[in-house]
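# Notes for the structure review
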Amino acid sequence: MQKEMRLEPKARGFHLVTDEVLRGLPELRNFRVGMLNLFLLHTSASLSINENADPTVRQDFESYFNKTVPEGAPYYRHNDEGPDDLPAHIKASLLGCSLNIPISNGRLRLGTWQGIYLCEHRDRGGPRRLVATISGE
Amino acid sequence: MQKEMRLEPKARGFHLVTDEVLRGLPELRNFRVGMLNLFLLHTSASLSINENADPTVRQDFESYFNKTVPEGAPYYRHNDEGPDDLPAHIKASLLGCSLNIPISNGRLRLGTWQGIYLCEHRDRGGPRRLVATISGE
Amino acid sequence: MQKEMRLEPKARGFHLVTDEVLRGLPELRNFRVGMLNLFLLHTSASLSINENADPTVRQDFESYFNKTVPEGAPYYRHNDEGPDDLPAHIKASLLGCSLNIPISNGRLRLGTWQGIYLCEHRDRGGPRRLVATISGE
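We now turn to the structure provided with this report.

Calculation rules
- Residues numbered from 1 in each chain as written.
- Chains lettered and ligands numbered in written order.
- Predicted model: local features only at pLDDT ≥ 70, side-chain atom pairs only at ≥ 80, totals over all residues.
- Helix = DSSP H or I, 4+ residues; strand = E, 2+ residues; numbered from the N terminus.
- Rg over C-alpha atoms; globule rule 2.2 N^0.38 Å.
- Buried ≥ 20, exposed ≤ 12 C-beta atoms within 10 Å, placed from the backbone.
- Contact = placed C-beta atoms within 7 Å.
- Nonpolar A, V, L, I, M, F, W, Y, C, P; charged D, E, K, R; others polar.
- Least-squares fit on C-alpha atoms with pLDDT ≥ 70 in both.
- Pairing = 2+ DSSP bridges.

With that settled, the discussion passes to the overall build of chain A. For chain A, the helix and strand inventory stands at 3 helices and 8 strands. Reading the secondary structure of chain A in the N-to-C direction produces β-β-α-β-β-α-α-β-β-β-β. Computed over the C-alpha atoms, the radius of gyration of chain A is 16 Å, within 12% of the 14 Å expected from 2.2 N^0.38 for a compact globule of 137 residues. On the principal axes, the C-alpha backbone points of chain A span a range of 50 × 30 × 20 Å. Counting only residues that meet the buried cut, chain A has 47% of its 137 residues in that class. If you take every contact in chain A between residues at least 6 apart in sequence, the share linking residues at least 24 apart comes to 86%.

Right, let's get into the interface of chain C and chain A. Tallying the contact residues gives 28 residues for chain C and 24 residues for chain A. Only β3 (33-40), β4 (45-51), α2 (55-68), α3 (85-95) and β5 (98-104) of chain C provide two or more residues apiece to the side of chain C that touches chain A. At 8 residues, α2(C) tops the list of elements feeding residues into the side of chain C that touches chain A. Considering only residue class, the side of chain C that touches chain A consists of 12 nonpolar, 12 polar and 4 charged.

Let us look at the relation of the copies chain C and chain B. By a simple turn and slide, chain C fits onto chain B: the slide is 0.0 Å along the axis, the RMSD is 0.0 Å, and the turn is 120°. In symmetry terms, the pair is related by a three-fold rotation axis. Across chain C, the rotation axis passes nearest the C-alpha of L94(C), at a separation of 3.5 Å.

Attention now goes to the interface of chain C and chain B. Often, the extent of an interface is quoted as the loss of accessible area on bringing the components together. Each side of the interface is counted separately: chain C has 24 residues, and chain B has 28 residues. No other element matches the 6 residues that α3(C) contributes to the side of chain C that touches chain B. A per-class count over the side of chain C that touches chain B returns 10 nonpolar, 13 polar and 1 charged.

A word on α3(C). Counting buried positions over the 11 residues of α3(C) gives 11, a clear majority of the element. Here α3(C) has its buried residues at D85(C), L86(C), P87(C), A88(C), H89(C), I90(C), K91(C), A92(C), S93(C), L94(C) and L95(C).

On to the sheet that holds strand β3 (residues 33-40) of chain B. All names here are of chain B. Taken in spatial order, the 5 strands line up as β1-β8-β3-β5-β6 in an open sheet, and their pairing is antiparallel. Of all strands in the sheet, those bounded by a partner on one side alone are β1 (2-7) and β6 (107-108). By the bridge criterion, 2 bridges tie strand β5 (residues 98-104) to β6 in an arrangement that is antiparallel. Its bridge partner being in β6, I103 is matched across the sheet by L108.

Let's shift gears to the pairing of strand β8 (residues 128-136) of chain B. Sheet topology places β1(B) next to β8(B); 6 bridges connect them, and they run antiparallel. For Q2(B), the partnering residue across the bridge sits in β8(B) and is T133(B).

Just distances and angles here, no functional claims.
And the structure:
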């Protein structure tokens, strides 16, 4: 099973999208055991799995990644798409665009505190598209 | 094939767990070709693949990640679970909680120098659970 | 389907290898829907997906990762294989050695701007080997 999904536009930052993704994947319940791959079709946003409860975790992620991948570093050469563009590419590779999550009994087998993050690294990233592929039985 | 496994509690740091994982997966030998997914059910530890020989590599990893993701940064807001908690979440996303490793002839198809790391980012993380899923034939 | 591939030796830096990888995978066209896993058999190089157009992005990646994972940090203990070795291991774990890319209608389902990077972190890494595994139908 494979389908393309669209995530609504989001502000720059880290967003919990577990529910938005699951709403688009009613087919999950047909799989007793399997694997979900989520593949984001962009190079300036990323997918990650992390804490699903306290929103300050996601705020701290945004602060941390802005600090560790600064805008306007003097050695950047790729500057023609705005100061947020090259850092967005670097953050996307640090965090990754492809997630594999096991499926058990028709549900994602996430830990109690795990959720799916859409990490929007651009100031105005717009809607983001991803490909969901399920294998299993 | 899917099963949940438990890794014994480990000190904060980077640990080679290839043998511990393989001991829990005797089913591997039944697969001629396939893929193993290891999915850690936590948000303050991670899985990685790296050098399996010299323990100073893993010590240097701990030093590096402590330096690049410091405790007590003045801009952290998520501080109520101890100074090691928020950095642990960030390290977990930098390194990832989900690994895919090919299987060939009943064995993991790792390179000569590759091993599986359990990266324990908490001071007292306790036992860690993971879900192992094998697909193939 | 599983096969081992060899990537030609590359200079230290970030290299777009989408075409080199695809040339070695004519079998892709036989899969209507599926998943490609690329697994690099090394611990001092990595695989990533990022911008496939402007070469300055890849130059900036090399600059950034050299700055954020410096050579010769005073706390490194693993120094006997050259100053580029331990940083190469760290970069390899930050970026990862295992990629999952969906397949649709016989082709990789990459976004318009996405390409596959071989990230060579050693000064003289030599040829790099990877295992390609395709599942699907």
